Amino acid sequence: MAGGRRKRQHFGRIHAFSCGRASFNGEHSLIGGPGFSRIVFCNDPECFEAGQLKYGGNYVRTTKYTLATYFPKALFEQFRRVANIYFLICAILSFTALSPYSAYSTVFPLVVVVGVTMGKEAVEDWRRKRQDIEMNNRKVKYHRGDGVFDYAKWMDLKVGDVVKVEKDEFFPADLILLSSSYDDAICYVETTNLDGETNLKLKQALDVTANLLDDSRFENFRAIIKCEDPNANLYSFVGNLQLEEQQFPLTPQQLLLRDSKLRNTDYIYGVVIFTGHDTKVIQNSTAPPSKRSKIERRMDKLVYLLFSALVFLSFIGSVFFGITTSKDLENGVMTRWYLRPDDTTIYYDPKRAPVAAILHFLTALMLYGYLIPISLYVSIEIVKVLQSVFINQDPHMYYEEGDKPARARTSNLNEELGQVDTILSDKTGTLTCNSMEFIKCSIAGTAYGHGITEVERALARGKETPLAQEVVEDEDNVEEINETKPSIKGYNFIDERITNGNWVNEPRADVIQNFLRLLAACHTAIPEVDDETGKISYEAESPDEAAFVIGARELGFEFYERTQTSISLHELDPMSGRKVARTYKLMNIIEFSSARKRMSVIVRNEEGRLLLLSKGADSVMFERLAQDGREFEVQTRLHINEYADAGLRTLVLAYRELDEEEYNEFNEEFSQAKNLVSADREEIIEEVAERIEKDLILLGATAVEDKLQNGVPECIDKLAQAGIKLWVLTGDKMETAINIGFACSLLRQGMKQIIINSETPGIRALEKAGDKSAVDEAAKANVIQQISEGKALLNVASEDSEALALIIDGKSLIYALEDDVKDMFLELAIGCASVICCRSSPKQKALVTRLVKVKTGSTTLAIGDGANDVGMLQEADIGVGISGVEGMQAVMSSDIAIAQFRFLERLLLVHGHWCYRRISFMICYFFYKNIAFGFTLFFFEAYASFSGEAAYNDWYLSLYNVFFTSLPVIAMGVFDQDVAARFCLKFPLLYQEGVQNVLFSWTRILGWAFNGVLSSTLIFFFCACAMEHQAFRKGGEVVGMEIFGAVMYTCVVWVVNCQMALSINYFTLIQHVFIWGSIVFWYIFLLVYGAMDPNISTTAYQVFIEACAPALSFWLVTLFVTVATLLPYFSYAAIQMRFFPMYHQMIQWIRNDGHSEDPEYCQMVRQRSLRSTTLHVDILNLDFKKFMFSFPFPLLSNQTEDLHC
């Protein structure tokens, strides 16, 4: 509102910014040159100069098509498929005399199939269009003129417009921050949609614009911004603002990016510099890599194979046709006089037999085209979409707490979910909750906190350590205490020695006081007070930091207010035993970075003393301790190692007092470094900080637990039983990663560990010497040696059927991924049951994923929750995003989104197995039914001397794939289940049918093709023998071609639909309706079509009413041919089921025989075919002889590898 009151708060120096006084150097000298040519006329977008620049509008389109491009682009997409191009050529040729059937009957099925697929594309694009409409029509306040702000749609904004964004609103374009509701013109921004990070970023405007406090101030505001051209770099920006003939440098600190959200700030004013597709977020929105499943790629090969068969059959027929035609007229004598070879067209001219053979070849290519399943692609797309709907609506994968269902973001990879061989997983936020709890601490060399971690529980189950032995005794007591006290998010600390103010009675209460004060003051969190309850919550940059502040509050040091220059605490006074308010003047904050691994604050207490408070990783903090500050170092190191063994994340806390002279010198250097605008700014800041962060006095260490998500150990256990390998790629240090591995069942007691570590004494000595090339050479040799030793151990373990685990750190991984080493590394890794890569960078995660995918050729699945996992997700065959607390970047880059890691079990073992089985059978069945149909045409052609005459009516041919046989296979692809969901989970090894591709192997495909050829052979010759010479009508006439075609077509429809009925494992009402309805629909069609005018129905005119229906032989032949044709398959299936059952058939047997609840039967079935690289190798010692003699059918043990018994 114009003239609204300004919120007087002072947070401007939380990060020690000194914006507005930055100096010009470095990249700012490039402004005006190539790549830095953008000019923005602030608050004057309609001026003549701005109009000449012709910048794009703020309308954003994410759709694939527009109204103008939909038809050409969609048609192009459809005719990129070879099969569709073939049918298009056939449709064009059908208008010529070469066609064996009418043009309309050829064009109709092509139009239906292409139309349905284009309709699906249109529906999907319309959904994207609705999202665009919602986004572009959002409202924001903009300066209309005369100091008045009014609402405008996002899409109507122009470069140069001044906008007012209010709390919790998204920025409509890329803006330069001019001012805000806070002093020093700062604001807080959430960038979850950009980088996946949930922590708030602090932005600050230039001093020169900070006085634009309300709407009316913009009436006469004019300025010019010159800056870089649109680009995709989210973290850099170079420009300057020209105001009143002065220039001021602009940095990323003033840049507010589109799709970021304004948080903890009432409002900001900003000027639009990039709009629409020029904004950085849109510049970063690259199309995800195109992924196709292995089954789909093999299906393409099958289509090519059928094309080859089609050409071969056409060639054979043409050769025979040419030879026969050439003999029709020899020396004036007509062999087949009834064809009048002396007076015929070029198509049957004996004098030009080679030309006639070539033309016949073209006719045959069209006639045998029904070998190619025209509706295969569209049917599979429909099925996959419906399968995705079932995945999305599965209540067992719905996370109620976060109201998040599973979401299949693409349906292309459904069957790939059933073939995953290796899972590559992030840890934090994926296996764990990324919700930290303050659980233990070490203060003055004394360990505090009795909380039991999940790692400790895992250790207590089998690992003998002092810490583990205490768990069994303490767990019951801890649970009793937990039941009596209310749960506090971020706090799970139990120790009566220092809780409830009891720390004042401890021997080193002074150290504890300093420790808790440091926890409460050394951070960048922001307190938020609930107006109704008065409770304080904290907005922190990380879950760890929030846990520290909450822990300090619960132990008596409550952080309750922050201003620009101060931090206020409610401290427990050890003298009076009461809470007192104390305010510390905030002098500087030295921020945390991954390179520094620590953060510090400098404060002045009420007594005027300057204190440096610091916390960081033990690897950098211990070396910064003063000689007289190491009193508790030995005990603290011991406790830190114990905490790491318990899977906890640790930080070391230390402080020191500064003198005024030292601080003043530091502050001057630090301010100068902060004001630099150059490439090496961060390095200079770190150098200055190094000089002050020294001679510290150790206070102790904190330990927070990133709790495992519910069900993670059980899920990993089940996936291991399914034969799926799990690799964990984490940034944690090795000790923590190993112990988390034990907690989540990735590692087990007794499992041998192969550890590849670059931290050897020799390498450390070379590092100290500073010889980088020697370090690299020695480190690489060390890695190669350890890999070789691991492979030797692997060979021994394989002989003893022992499972191994490989653990490698980030430095070693650098060398292991080099071209001359990576094959050795991969050979070792794939032989292990579990692999943990520690200290992995995002790039390393992606490289490891690519290595496994490319070199093994097996299906990989990557799962993660953060922006640092995006490369890994896109590199894997399947990317699964966890919609957790790390933002939506991983989800937006994933193929499938789930809320919890445990849902992966059901996604793979149930939906993955079902989808793989359904799609595999669906494709095999499609080829079967088309071969069965197409070869009857070929046999009739041979019977008719390859004359090019079709055995069936034109519309019989056209509607075979579209109506009479397509719906049952779609129903099967959506509903069929070989075993129920509970059996998929009860017998996880069933999943190996997909991993080993048992159901879509070339043997199985060729078996179905043989079944199709056999069926067509039996149908044709039984029909021909039964009806060729037999009187059919009452008058004694034998059948004509129209009756023979109708009878044979009826037999084909019955056989292929009954074949479907025999193959289905799980009948639903829909499947019954589609199977038997397709057969009934054929009779209805024959009746209705035959009743039409003869010019329309041609050879089908009254064929059913007058000829077929009254003839008993029609019904008998149909029954006999159907039974006789299906008998070979039925016999094979019965023998195979009885004597050579596959794994899923074994489960069906025990279910049907009522043994599904018998532990002995279930255990035996569950353990068949386990590989030594799974985690449950120990059960291979079971006595299978008893199983083999007690099972209800013979078991052939030499077929285990193919998952037969």
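Residues numbered from 1 in each chain as written. Predicted model: local features only at pLDDT ≥ 70, side-chain atom pairs only at ≥ 80, totals over all residues. Heavy atoms only, no water.

1. Notes on the nonpolar core
Put simply, the rule reads: Buried Ala, Val, Leu, Ile, Met, Phe, Trp, Tyr and Cys residues form a nonpolar core when they are joined through side-chain atoms within 4.5 Å. Partly exposed residues are those whose accessible area sits between 20% and 50% of the maximum for their type, while under 20% is buried and over 50% is exposed, using a 1.4 Å probe and protein chains only. Numbering of helices and strands runs from the N terminus; a helix is a DSSP stretch of H or I covering at least four residues, while a strand is a stretch of E covering at least two. It only takes one pair of heavy atoms within 4.5 Å for two residues to be counted as in contact.
Judged by nonpolar contacts, the single largest core of 114 residues is most densely connected at Tyr368, Tyr952 and Tyr956. Top element by residues in this core is helix 27 (residues 903-943). It accounts for 18 residues. Not counting the four nearest positions on each side in its chain, Tyr956 is found in contact with Ala1046, Tyr1049, Trp1082, Phe1085, Leu1086, Tyr1089, Ala1100 and Val1103. Judged by nonpolar contacts, the second largest core, of 74 residues, contains Met436, Ala509, Tyr584 and Ile589.

2. Quick look at the packing of helix 2 (residues 70-78) against helix 4 (residues 103-136)
Definition in use: With axes taken as lines fitted to C-alpha atoms, and helix axes fitted only over the stretch in contact, angles between N-to-C directions fall between 0 and 180 degrees. For this classification, under 35 degrees means roughly parallel, over 145 means roughly antiparallel, 65 to 115 means roughly perpendicular, and everything else is oblique. In this scheme, a crossing is called left-handed if the near helix is turned counterclockwise away from the far one by less than a right angle; it is called right-handed if the turn is clockwise. Put simply, Ala, Val, Leu, Ile, Met, Phe, Trp, Tyr, Cys and Pro go in the nonpolar bin, Asp, Glu, Lys and Arg in the charged bin, and everything else, Gly too, in the polar bin.
Their axes nearest at 10 Å, the elements helix 2 and helix 4 cross at an angle of 120°. It follows that helix 2 is oblique to helix 4 by the angle criterion. Considering how the two elements wind past one another, helix 2 and helix 4 form a crossing that is right-handed. Taken together, the residues of helix 4 that come into contact with helix 2 (itself represented by Tyr70, Phe71, Ala74, Leu75 and Gln78) are Val114, Thr117, Met118, Gly119 and Ala122. Of the residues that constitute the contact of helix 2 with helix 4, the class distribution is seven nonpolar, three polar and no charged.

3. Comments concerning the confidence of the model for the chain
Put simply, the rule reads: The predictor rates its confidence in each residue with pLDDT, a number between 0 and 100.
On average, residues of the chain score 82 in pLDDT, and 85% of them are at 70 or above. Scored below 50 in pLDDT, residues 1-22 makes 74 contacts in the model with residues more than four places away or belonging to other chains. Low pLDDT (under 50) marks residues 480-484, which in the prediction has three contacts with non-local residues, meaning those over four places away or in another chain.

4. A few points about the sheet that holds strand 22 (residues 557-562)
Note the threshold: Note on pairing: DSSP must find at least two bridges between two strands before they are called paired.
Across the sheet, nine strands lie side by side as 19-18-28-27-26-25-24-23-22; this open sheet has antiparallel pairing. The open sheet has two edge strands, strand 19 (446-448) and strand 22, and neither has a second partner. Ignoring which end each strand starts from, the neighbouring axes of this sheet average 30° apart. Pairing of strand 23 (residues 566-572) with strand 24 (residues 579-590), which is carried by seven bridges, proceeds in the antiparallel orientation. Among the inter-strand pairings, Ser566 is bridged to a residue of strand 24, identified as Lys585.

5. Regarding the environment of Phe742
Looking at the element boundaries, Phe742 is found in helix 19 (residues 734-743). C-alpha of Phe742 to C-alpha of Arg457: the two residues are 285 residues apart in sequence and 9.6 Å apart in space.

6. What about the side chain of Thr499?
Cut-off, in case you're wondering: Side-chain atoms alone can form a polar contact between residues adjacent in sequence; in general such a contact is a pair of N or O atoms within 3.5 Å, and within protein one must be able to donate a hydrogen while the other accepts it.
The residue Thr499 is located in the loop between helix 11 (466-484) and helix 12 (509-521) in this model. Here Asp495 takes part through its backbone oxygen, which lies 2.9 Å from a polar atom of the side chain of Thr499.

7. Observations concerning the pairing of strand 27 (residues 649-658)
With seven of its 10 residues buried, strand 27 lies for the most part within the structure. Inspection of the sheet shows strand 26 (residues 610-616) paired to strand 27 by seven bridges, in the antiparallel sense. Bridge pairing in strand 27 links Leu612 to Arg656. Bridge analysis of strand 27 against strand 28 (residues 697-708) gives seven bridges, and the strand direction is antiparallel. Pairing of Val652 across the sheet is with Ala701, part of strand 28.

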